[in-house]
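So you can see what is in the structure, the chains are spelled out below.
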Amino acid sequence: MDKAPKLPIDRLIEVVQKGGTVRTGVDVFNKQGILLLDKEVPITDPQVLVRAKEQGAGMVPINAAGGGGIWDSQGNRLDLPSEAPVQKPVAGGGRGGEIERRINEIIETKRIAAEKYQQAKACLRQIMDSIRRTGGEFDLEPVNETVKGLANFVTSHDNSFAYLTREIFSCDDYLYNHSVNVCTIGTVVLKKFNSNFSNAVNSLLNNVPTGGLGEEKRDPSAFSYFLPAELQDISLGFFLHDLGKVLIDPEVLNKTGRLKESEFAEVRKHVTEKARLILDKNRLNNPYIANICYYHHAKLYSAEERCYPAQSPHLIPAYVKVCKLADVYDAMTSKRCYREALNPVGAVTDIFNRYARKEPLLQYVLHSFVKSVGIYPPGSVVHLTNGQLCYVLESDGPVLLPLTDSEGESLRDKPELLDLSQGQAPKEIKVDRRRPSLNPIEAYEILPDYLRRVVTSQPS
Ligand SMILES: [Fe+2]
Ligand SMILES: [Fe+2]
């Protein structure tokens, strides 16, 4: 049993998401001794693995001698050793092992992200071709499957949307990228909003302190703002939110300068006229999808400018507010052929300043947005106030991998991970917000080899 190979749980989730089966052949417990995965039970529902991951499962042993294995959707047994990530020592000892584990996780997440993106792109291309050919009709079934896969992926892989692509060169490219990004960012924000808001209401109803109930410990009969089937419809709406643009003149959509009033009126039609036409033609009368398509550019507070169509902000549902924040954030942080992307720190700050201290429900949405997107995106390089440069591993904390000393010299020794939320650094050492974060390509020269491996695995 000691020699049973271990596989990253994300890899197992991916196998099951594709219709495969996993059986561990050995009971898997977390550090608290709770049984997460039963050795006998074949796993065909990815949520079983997602829950195990949330409760601490990272690398999962698969014991073939105990009947364990992984099988694809056709029932073919997959070869275990070749499934495991390449274990190259990057640095000896526990510290290096921890860094290597994180690096392998990032590479694996990027690999799946690139795969999911390609699937979603192919699906969008089909929809767009069909809409152009037929004047509005498309097949919803494959879209449903694609969105389910995307939503499962981003909710089961931490920070995964940070690794989605943001380089956009053409109008169609823009729609592919933007649809995937809004769907993934929106889904993660919505999940956080749903659990925060539901917990807050439960706390009020049951008179217990807010935050006293973890998501996984909630009573299933407790209040839930959105139910699972609604969450699926909303993710689908995020994916389809800009579909009306397929029927707008690409020259206007791609125009680099300021739009004339007549051109802006043409763009506005993507939510008014064109979205309605496409939803009607396909007899798509789901209210979540319709509200997202019609109102994702509406006002979130009374004085907000250049919003359309006219609608009271109080009538805009929470999930449409989520879509609008994801839409604005993605537009700001995507690189277009005519302008550079805005730094994520600048984009989050701008959105926060724009929408903070407005109506109460918007504050819940905004809080979930900032907590989900994070100010320091994983994969970026930030400056500390003591002059060090660090690679961001997790935006929550943030958890950092130091690259240089305070003089800017590359570190010779293996660094210790720095979790700024855990008080590991002196209080005066923080991320220097006055200096923009860098793309790792810009800092390539000072990256150690094991991080260059991550950067070059970036999907293009
Ligand atoms: Fe739009
Ligand atoms: Fe959009």
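Predicted, not measured: the structure shown is a model, and the values here were computed from it.

**Here we look at the coordination of the iron ion (ligand 1)**
Bound to the iron ion (ligand 1) are the protein donor atoms Asp242 (OD), His270 (NE2), His296 (NE2) and His297 (NE2), situated 2.1 to 2.2 Å from the metal. Viewed at the metal, the four donor atoms of the iron ion (ligand 1) are separated by angles of 88 to 176 degrees, and the geometry they form is irregular. Between the iron ion (ligand 1) and the iron ion (ligand 2), a separation of 3.6 Å is found, and both are coordinated by aspartate 242. One end of the pair, aspartate 242, is in the loop between α7 (228-240) and α8 (250-253); the other, histidine 270, is in helix α10 (residues 270-281), with 28 residues separating them in the sequence. Neither aspartate 242 nor histidine 270 differs from the other in exposure class; each is buried.

**Considerations on the nonpolar core**
Counting 83 residues, the largest nonpolar core has Ile127, Phe138, Val143, Phe238, Phe239, Leu240 and Ile351 as its most contacted members. Of all the elements, helix α6 (residues 171-206) adds the most residues to this core, at twelve residues. Viewed by domain, this core spans two of them, domain 2 (102-373) and domain 3 (381-456), each represented by three or more residues. Leaving out residues up to four positions away in the same chain, phenylalanine 138 has contacts with Ile127, Ser130, Ile131, Val143, Leu240, Leu243, Ile278, Asn282 and Leu284.

**Some details on unusual backbone geometry**
A cis amide bond, omega -10 degrees, links tyrosine 308 with the succeeding residue proline 309. Residue position: proline 309 is located in the loop between α11 (287-295) and α12 (318-333). Here arginine 306, not a glycine, exhibits a phi torsion of approximately 55 degrees, which is positive. Here arginine 306 lies in the loop between α11 and α12. Backbone geometry at arginine 357 places phi at a positive 60 degrees, although glycine is not the residue there. Tracing the sequence through the fold places arginine 357 in the loop between α13 (344-355) and α14 (360-373). Classification of arginine 357 as exposed rests on a relative accessible area of 67%.

**Observations concerning the coordination of the iron ion (ligand 2)**
For the iron ion (ligand 2), the full set of protein donor atoms is His178 (NE2), His241 (NE2), Asp242 (OD) and Asp327 (OD), and the range of their distances to it is 1.9 to 2.3 Å. Around the iron ion (ligand 2) sit four donor atoms; with metal-centred angles ranging over 85 to 176 degrees, the donor geometry is irregular. Spacing between the donor residues of the iron ion (ligand 2) along the chain follows H-x62-H-D-x84-D.

**Topic: the sheet that holds strand β8 (residues 389-394)**
Spatial strand order, β7-β8-β9-β10: four strands in an open sheet with antiparallel pairing. Both edges of this open sheet fall to β7 (381-383) and β10 (418-419), since each of them pairs with a single strand only. Where β7 and β8 come together, three bridges link them in antiparallel fashion. In the strand pairing of β8, histidine 383 is matched with leucine 389.

**Focus on the packing of aromatic side chains**
Counting across every chain of the model gives twelve aromatic pairs. Residues phenylalanine 193 and phenylalanine 226 carry aromatic rings whose centres are separated by 6.4 Å and whose planes lie at 45 degrees to one another, so their mutual orientation is tilted. Highlighted residues: phenylalanine 193 in helix α6 and phenylalanine 226 in the loop between α6 and α7, separated in sequence by 33 residues. Judged by relative accessible area, phenylalanine 193 falls into the buried class, the value being 0%. Taken together, a centroid distance of 4.9 Å and an interplanar angle of 85 degrees make the contact between phenylalanine 197 and tyrosine 225 edge-to-face.

Reading the values: the criteria
Throughout this description, residue numbers start from 1 for each chain and increase along the sequence as written. Each chain is given a letter, starting from A, and each ligand a number, starting from 1, according to the order in which they appear as written. Restriction of local features to residues with pLDDT of at least 70 applies here, the model being predicted, together with a cutoff of 80 or more for giving and counting side-chain atom pairs; totals for whole chains, interfaces and linings are based on all residues. To obtain the side-chain values, all non-hydrogen atoms of the structure were included, while hydrogens and water were left out. Note that water is not among the atoms used; donors are N, O and S atoms within 2.8 Å of the metal (3.2 Å for Na, K and Ca), so sites may look incomplete. For four-coordinate sites, all angles between 85 and 135 degrees define a tetrahedron; for four- and six-coordinate sites, opposite donors beyond 155 degrees with the remaining angles between 65 and 115 define square planar and octahedral shapes respectively, and all other cases count as irregular. Helix and strand definitions here come from DSSP, where helices need a minimum of 4 consecutive H or I residues and strands a minimum of 2 consecutive E residues; each element is numbered from the N-terminal end. For each residue, the accessible area found with a 1.4 Å probe, counting protein chains only, is set against the maximum for its type, and the residue is called buried under 20%, exposed over 50%, and partly exposed in between. Think of a nonpolar core as a cluster: buried Ala, Val, Leu, Ile, Met, Phe, Trp, Tyr and Cys residues, connected wherever their side-chain atoms sit within 4.5 Å. Here the bounds of each domain stem from an automatic or database domain assignment. The contact criterion used is simple: two residues touch if any of their non-hydrogen atoms lie within 4.5 Å. Paired strands are those between which DSSP finds at least two bridges. Side-chain rings of Phe, Tyr and Trp, where Trp is taken by its six-membered ring, are said to pair if the distance between their centres is within 6.5 Å; with planes under 30 degrees apart they count as stacked, over 60 as edge-to-face, and otherwise as tilted.

Geometry only, nothing functional implied.
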